Amino acid sequence: MAGTVAGHAEQVGEVGVDWLGNDIIVDAVEDPGVSGVTCHVAYFERGVIDRLQKGNWFEDPSNSSIACRQTGPVVIGDIELDEGGEEIFKQRRSIVWKKLVIKRIYDKKNDTLIYLSHSRQVQGGSAKMSLSTVPLYGQDVTWTKGRP
């Protein structure tokens, strides 16, 4: 069974959306278990003026969007293959209660990697999510532990 590995994100874009200092941030996240796949995640980040004006100082919205693509030769390591998938990235969106999470799920029947971006909360979970897929069919893919 593969262990959970927290991937690294690199900010590649920032778009201002209003005069309150609110921004849309775009991060590139490489899958630590699958080289050659990069996900781009966009999320909303509240500015200082918005935080002062509306309160709720320590929390950002749960909204996120994800798009994942093959960005090099695909080499798949020791990844989790069950339906629950594997968490490849998480980022705190409030001081204690909320995290932005990316999970990878392998769809064996369709030979596809599925990437799900969602918010994890202690209570009152959010239904806001985004999904992206990377089809492996017909691609030159190397499985380091053997093809499942």
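We now turn to the structure provided with this report. (Residues numbered from 1 in each chain as written. Predicted model: local features only at pLDDT ≥ 70, side-chain atom pairs only at ≥ 80, totals over all residues. Heavy atoms only, no water.)

This part covers the state of the cysteines. By definition, a disulfide links the sulfur atoms of two cysteines through a covalent bond. Following the criterion strictly, the structure yields one disulfide and no others. In this model, Cys39 is linked to Cys68 through a disulfide, with the two sulfur atoms separated by 2.1 Å. With the S-S bond torsion at 105°, the cross-link from Cys39 to Cys68 turns out right-handed. A residue pair is termed long-range when its members are at least 10 positions apart, and Cys39 in strand S3 (residues 34-45) and Cys68 in strand S4 (residues 64-76) qualify at 29 residues. When sorted by exposure, Cys39 lands in the same class as Cys68, which is buried. (Disulfide = S-S within 2.5 Å. Helix = DSSP H or I, 4+ residues; strand = E, 2+ residues; numbered from the N terminus. Buried < 20%, exposed > 50% of the residue type's maximum accessible area, 1.4 Å probe, protein only.)

Let us now look at the pairing of S4. Here S3 pairs with S4 via nine bridges, running antiparallel. Bridge pairing links Ser35 to Val75 in S4. As defined by bridge partners, S4 adjoins strand S9 (residues 141-143) across three bridges and the pair is classed as parallel. Paired with Val74 across the bridge in S9 is Val141. (Pairing = 2+ DSSP bridges.)

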